[in-house]
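Structural description and commentary
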Amino acid sequence: MFRRLPRYAALAAAACASLTCAYAHADHEEVVVWGEPLSPYAVDPGLAPLAETNTALLLKRVAGANVNFNGTLAGIAQYRGMYAERVNIDVDGMTIGNACSNNMDAPLHYMPRTLVERLEVIRGIAPVSSGIETIGGTVIARSRAGAFGEDEQFRLSGRLGAGGQSVDGGYSASGEVELANERHRLRAAASREHGNNRDFGDGTIRPTRYERNAFDLGYALKLGGDVLKIDYRRNDTGQTGTPALPMDDIYSDADLVRGSWTAHRGRFDLSAELYWNGVEHLMSNYRMRRARPGRRRDNDAEADTLGWRTQAAAPLSGGELRIGADGHLLDYDSLITSPDNPAFFARNFDDVQRDRYGLYAEWEHRALGRFDVELGLRWTHVSMDAGRVDASMAMMMPPLAMLRDAFNAADRSVSDDNIDAALVVAYALTPALAVEAGVARKNRSPTHQERYLWLPLEATGGLADGNLYVGDIGLDPETAWQFELGLDWQLAHLSLAPRAFYHHVDDYIQGVPTSDAAVVMVATMNGDATPLRYANVDARLWGVDVEWAAPLSAEWQLSGILSWVRGERRDIDDDLFRIAPFNTLIDLTYKRARWSVTLEGEFYAAQNDVSATNGEPRSPGYGLLNLYGQYAWPAAGLTMTAGVENLLDKTYRPHLNGINRVAGSEVAVGARVPGDGLNGFVQLAWTF
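For the structure given in this document, a descriptive report is provided here. Please read all numbers here as calculations on a predicted model, not as lab measurements.

Quick look at unusual backbone geometry now. Between Arg206 and the following residue, Pro207, the backbone shows a cis peptide bond with an omega angle of -10 degrees. We note that Asn646 has phi near 55 degrees; this positive angle belongs to a residue other than glycine.

Our next topic: the packing of aromatic side chains. Summed over the entire model, instances satisfying the criterion amount to twelve aromatic pairs. Ring centres of Phe371 and Tyr427 lie 4.7 Å apart, and the angle between their planes is 45 degrees; on these two criteria the pair is classed as tilted. Highlighted residues: Phe371 in strand β20 (residues 371-385) and Tyr427 in strand β22 (residues 414-430), separated in sequence by 56 residues. Assessed through its relative accessible area of 36%, Phe371 is described here as partly exposed. Residue classification places Tyr427 among the partly exposed positions, given a relative accessible area of 27%. Measuring from centroid to centroid gives 5.2 Å for Tyr604 and Tyr622, while their planes differ by 10 degrees, and the two rings are stacked. In this pair, Tyr604 sits in strand β30 (residues 595-604) while Tyr622 sits in strand β31 (residues 622-633), placing the two residues 18 residues apart along the sequence. Of the residues examined, Tyr604 reaches a relative accessible area of 9% and is grouped as buried.

Attention now moves to the sheet that holds strand β2 (residues 65-71). Taken together, three strands build an open sheet; the order of strands is β2-β3-β4 and the sheet is antiparallel. Two strands close off the open sheet at either side, each with one partner strand: β2 and β4 (82-83). Alignment of β2 against strand β3 (residues 74-79), held across six bridges, turns out to be antiparallel. The residue of β3 that forms the bridge with Ala65 is Tyr79.

One way to see where empty space is left: roll a probe the size of a water molecule over the atoms. The full count for this structure, using the stated rule, is nine cavities of 30 Å³ or more. In terms of lining residues, the largest cavity is bounded by 34 residues, among which Glu52, Leu57, Lys60, Tyr652 and Asp676 are the most central. Residue assignment for the lining of the largest cavity shows that the elements contributing at least two residues are β2, β29 (583-591), β30 and β31. Looking at the lining of the largest cavity residue by residue, the classes come out as 15 nonpolar, twelve polar and seven charged. Along the wall of the second largest cavity there are 27 residues; nearest its centre are Glu85, Thr95, Ile96, Asn98 and Pro107. Broken down by secondary-structure element, the contributors of at least two residues to the lining of the second largest cavity are β3, β5 (88-91), β18 (319-337), β19 (345-368) and α3 (448-452). Counted by class, the lining of the second largest cavity contains eleven nonpolar, eleven polar and five charged residues.

Considered for burial, the residues of helix α4 (residues 517-525) that qualify are Ala518, Val519, Val522 and Ala523. Taken around the axis of α4, the buried residues stretch over an arc of 125 degrees, which confines them to a single face. The inward-facing, buried residues of α4 contact α2 (398-409) and β24 (469-470). For α4, the side-chain oxygen to backbone nitrogen distance between the N-cap and Ala518 is 3.0 Å, and the N-cap itself is Asp516. Following α4 by one or two positions, Gly527 adopts a phi angle in the positive range, close to 95 degrees.

As a packed pair, α2 and α4 sit with axes 8 Å apart at the nearest point and diverge in direction by 130 degrees. Classified by the interaxial angle, the pair formed by α2 and α4 is oblique. Handedness of the crossing formed by α2 with α4: left-handed. Along the contact surface, α2 presents Pro399, Leu400, Met402 and Leu403, while α4 presents Ala518, Val519, Met521 and Val522.

Our focus in this paragraph is α2. Taking 1.5 Å as the rise per residue, α2 with twelve residues should run 16 Å; its terminal C-alpha atoms sit 16 Å apart, in good agreement. Among the residues of α2, those classed as buried are Pro399, Leu400, Ala401, Leu403, Arg404, Phe407 and Asn408. Residues of α2 that are buried in the fold lie against β21 (390-391), α3 and α4.

What counts and what doesn't
- Residues numbered from 1 in each chain as written.
- Predicted model: local features only at pLDDT ≥ 70, side-chain atom pairs only at ≥ 80, totals over all residues.
- Heavy atoms only, no water.
- Phe/Tyr/Trp six-rings, centres within 6.5 Å; stacked < 30°, edge-to-face > 60°.
- Helix = DSSP H or I, 4+ residues; strand = E, 2+ residues; numbered from the N terminus.
- Buried < 20%, exposed > 50% of the residue type's maximum accessible area, 1.4 Å probe, protein only.
- Pairing = 2+ DSSP bridges.
- 1 Å grid on protein atoms, 1.4 Å probe; cavity = no way out; pocket = protein on both sides within 12 Å on 5 of 7 lines; lining within 4 Å.
- Points joined across faces, edges and corners; volume = space filled by probe spheres on them.
- Nonpolar A, V, L, I, M, F, W, Y, C, P; charged D, E, K, R; others polar.
- Arc of directions from axis to C-beta.
- Contact = heavy atoms within 4.5 Å.
- Polar contact = N/O pair within 3.5 Å; in protein donor to acceptor, adjacent residues only side chain to side chain.
- Axes fitted to C-alpha atoms, helices over the stretch in contact; angles between N-to-C directions.
- Parallel < 35°, antiparallel > 145°, perpendicular 65-115°, else oblique.
- Left-handed = near helix turned anticlockwise from the far one by under 90°.
- Expected span 1.5 Å × (residues − 1).

Now the structure itself:
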C-alpha cells in the first residue's frame, strides 16, 4: 500500500538526505537523521557538517525554513516567511516562555547544539495537535533520552563529545551517562560551549563572544504499560554578544522541569505532561560594548511559565482519533535601570500575564484506500493582562507622563477566543506519485510586546530594524487562511517533493507610522523621530519549497533543497519585513561503508522586495562552498566529523542577519551583520 512521505522534514546537513531516509523508512511518522547512523557501519550524510553553535541555524537546511540571526546564540525561527512567536517551538515537549523582550533567548536557545538528538519541522500545514498557536508552523527539538533495558540487570551507557572551530576559537564539550534496566532509567548530562568574537572575510564582528553551560538530570519508571518521567535542565548562559540588538545578553539563567505519563488502557493511548520553566535574564548596553556617558542601561527581566497537555487517542473508523487539552500560562516582568543614576528606572512591563487554554480533536487516517486524511479542530482561549507602569523621567517629561497615565487608566484585561481548523489530504495517483492538498484556518493573538509596550522602545521580539515601537492594547488576533498543494514523486534515480503555498492573512500585526504626538516627542528625544506602533494590517505570503535527491550510483548522491517566499501587504503597496530571499542548498556526497565526504553549495539571491515601512535595506546575493566529511570506527564507538565552511573565505551578508548597532567593531554601524568567514572545525564523539 502506498504511504506518502512523512510530513516531518528532518534536519540534516543535507536536508534532502532526509528524503532518501524517508523512502527507506516510510512506515515511520518521524524521520530521524540527526543521531546515530542508520546501521552500525553506515555513515549517514545527514549527520554532517555543522559547526554551528546556534541550534536554530540548523533550520537553514530544511526547505522553507530559515533563521533571523541577531547574535551567536540569538536565532529566531522563520518558516515560509513567518517568524518569532508565529512559529510554535516544541523543546522536549515544552513551550518555553523566554525572558528577553528581544528574543535573545528564543526557545531554541535552551536546546544546546551539543545535546540535540534531532530537530524537525512539520512540513506545510501544522496539525492542530502540534501546539496551541501554529499559524507559522511547528518546529520540534528533542535531546537524547535513551531507552529502558531488556532485563533486570542495570547497564551503563553514554556518550562523550568534543569539538572546536577556528572562526571564533570556540570549543564545545558534552557528556551523557545513563543507567537503565527494564523498569528504571537514570540519566545525567552536561555541556559547555564557549567562543570569542567571530571572524568574517574582512575582519572581526564585535561583540559576538559567547558562553553557555547546561546540566540535565532525568529519571523514568516503567510499570507495565505505564511510563512515568521527570526531567530537569539548568541552563546558564554567560556574556553573549548580540550586535544587531540595542543590548547584549549578560546572562540567561533558566530552570526547566517536566513530568510526563503515558499509558495504554483498553482501546485508548493516554498521555499527560506538566512542565514549568523560570528564566532570569539581564541585558546591558555597556558591559560588552561602549555606551555614551550617562546613557548606560541594564534591563532585568523574569519569565515564569506553567504548561500542560493531556491527550487520549483511540481507533475510529479505520483511523485514529486524538482528543486533547493543553495550556500555557506566562508571567513576565521587566525593569530598566542605570548604573549612572540610581534613581533612574523604567518599568516597561509589569506583572504581564498571557494565559492560553486549548481543546482540540484530530482524526488521522493513513489506510483509506489510496487516500491519507488528517482533519483537526482547535479552540483556544487567550487571556492577557498587565499591571501599572512607571518611569522616573515621567516627572520631567510631560509626554512620557501622558503615555504612562493613559496606559494605567486603560482597561488592560483582554481576551480572545480563536478557532483553528486544518484538513490535509494525500492521494496516490500511482505507487510512485502522490498529490497532497491542504487548507487551514490558523490564528495568533498578540504578544505582550505588541499589546503592552507603553513607551517607545526597541523591545520588539528581535525585529532588529532600529525603530522604536509602542504597542496597542486593542489589537485583534491574526487570522490566516492557508492553502497548500504538493507532490511526492519517486523515480528510479530521482526523488522530488515540491510544495506550493498561499497564506491570506487578515489583521497581520506589524509596525506602522504613528501620529500620536506624545509618542513622537518621547521617541524623538531618544533618537527616532519616526517611531512605529503595532497595528493590524492585511497581508499575504506565497511561495514554493522543494526537497529533492538524485542517487548517481551506489556511492554518489546529489541532493538539495530550494526555498522561495514572497510576503506583501494587501492594504498598501509594500513588502513584509525580513523575508528570506530565494535560496537553494546543493550537496554532492560520496559515501562508503565507514566514511563520507560532501561538497556543498549554498546560494542566496538578492533580496530587493523589502519593507519601506520598516526602512529595510536591500541585500545582494551570494554563494558559498562548504566541504566536510565523516569517519566512523564502529567497533570502538568513535565518530569524527571535520570540514571547512565558507571555503573561499567570502564576505557576505545574509538578508536575515540584523543591522549592526555596535561602534568599535570592524562592521560599520548601520551595516548588516556579515556571515562567518572561513571556518575549519572538527568534532569527535564516543558512544559506549
